[in-house]
Amino acid sequence: RYYANIAIGAHLRPCRVHPDFVCVVVVRQSEVEATPAPFLNRFEKYCISHETLLQTTMYHLQPCIRIVLQTAKEKVKQFIDLVGGGNSLYGLKKETLDSLLLSLLPPYGHTYRDTPPEDLIGDDIKLCLLQELLRA
């Protein structure tokens, strides 16, 4: 049997865990300086951003979908530059566009249909394919 000492506030208690148990601690970048060094030294550290998540997610997508998203990202960047960026768009930050694109992507492991259902015709096929692309 495997146990891990789990602490919530001042309460510490050993809890039984699976042999493959993995603990992930998430600390905001703004809180790292205030976090005690001995605590941080117990873990491997990775900096994860919206940009990193989007790149990794897009790498695993089908090439046709990746091209559509990359093109959309470039076009939206051009629009942002055209209207003056953060000065004109309230709340726009560096990670806003990547976060938006991530929210459009399906969950990890999602598989796409090869063809739309046979009973669809014309614009319904395009709509079905678009919905399938953006399905979450």
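So, how was this worked out
- Residues numbered from 1 in each chain as written.
- Predicted model: local features only at pLDDT ≥ 70, side-chain atom pairs only at ≥ 80, totals over all residues.
- Heavy atoms only, no water.
- Helix = DSSP H or I, 4+ residues; strand = E, 2+ residues; numbered from the N terminus.
- Buried < 20%, exposed > 50% of the residue type's maximum accessible area, 1.4 Å probe, protein only.
- Contact = heavy atoms within 4.5 Å.
- Axes fitted to C-alpha atoms, helices over the stretch in contact; angles between N-to-C directions.
- Parallel < 35°, antiparallel > 145°, perpendicular 65-115°, else oblique.
- Left-handed = near helix turned anticlockwise from the far one by under 90°.
- Nonpolar A, V, L, I, M, F, W, Y, C, P; charged D, E, K, R; others polar.
- Salt bridge = Lys/Arg side-chain N within 4 Å of Asp/Glu carboxyl O.
- Core = buried A, V, L, I, M, F, W, Y, C linked by side-chain atoms within 4.5 Å.
- 1 Å grid on protein atoms, 1.4 Å probe; cavity = no way out; pocket = protein on both sides within 12 Å on 5 of 7 lines; lining within 4 Å.
- Points joined across faces, edges and corners; volume = space filled by probe spheres on them.

Draft legend 1. Spotlight on the overall build of the chain. Across its full length, the chain carries five helices and two strands. Secondary structure of the chain in N-to-C order comes out as β-β-α-α-α-α-α. Per-residue burial over the chain gives 15% buried out of 136 residues. For the chain, the proportion of contacts with a sequence separation of at least 24, taken over those separated by at least 6, is 41%.

Draft legend 2. Layout of the packing of helix H2 (residues 50-59) against helix H4 (residues 96-104). Remark: H2 packs on H4, axes separated minimally by 8 Å, with the N-to-C direction vectors making an angle of 40 degrees. With respect to H4, the axis of H2 lies oblique. Taken as a pair, H2 and H4 cross one another with a handedness that is left-handed. Between H2, through His50, Glu51, Leu53, Leu54 and Thr57, and H4, the contact on the second element is made entirely by Asp98, Ser99, Leu101 and Leu102. Among the residues forming the contact of H2 with H4, the class breakdown is four nonpolar, three polar and two charged.

Draft legend 3. Quick peek at the environment of His18. Along the chain, His18 turns up in the loop between strand E2 (11-17) and helix H1 (37-40). Judged by its relative accessible area of 52%, His18 falls in the exposed class. Once the C-alpha coordinates of His18 and Tyr2 are considered, the two residues, 16 residues apart in sequence, prove to be 6.6 Å apart.

Draft legend 4. Geometry of the environment of Asn5. Relative to the helices and strands, Asn5 resides in strand E1 (residues 2-8). The class of Asn5 is exposed, set by a relative accessible area of 58%. Put simply, Asn5 and Arg16 are eleven residues apart on the chain and 8.9 Å apart in space, counted from C-alpha to C-alpha. If we ignore the near neighbours within four places in the chain, the residues touching Asn5 are Leu12, Arg13 and Pro14.

Draft legend 5. Summary view of the pattern of salt bridges. One pass over the full model with this rule turns up one salt bridge. For Asp98, the salt bridge goes to Lys73, with nearest N and O atoms at 2.8 Å. On the criterion of sequence distance, the pair formed by Asp98 in helix H4 and Lys73 in helix H3 (residues 63-82) is long-range, its members being 25 residues apart. Since its relative accessible area comes to 7%, Asp98 is described here as buried.

Draft legend 6. Quick look at the nonpolar core. In this structure, Leu54, Met58, Leu61, Ile65, Leu69, Leu97, Leu101 and Leu105 together form the largest nonpolar core, which totals eight residues. Contributions of two or more residues to this core are made by H2, H3 and H4.

Draft legend 7. Broad picture of the layout of surface pockets. Within this model, the largest pocket holds a volume of roughly 610 Å³. The wall of the largest pocket is formed by 16 residues, among which Val25, Val26, Val27, Lys45 and Tyr46 lie closest to the centre. A breakdown of the residues in the lining of the largest pocket according to their chemical character gives twelve nonpolar, one polar and three charged. Here the second largest pocket defines a volume of roughly 350 Å³.

From the geometry alone we can't say anything about function, so treat these as descriptive.
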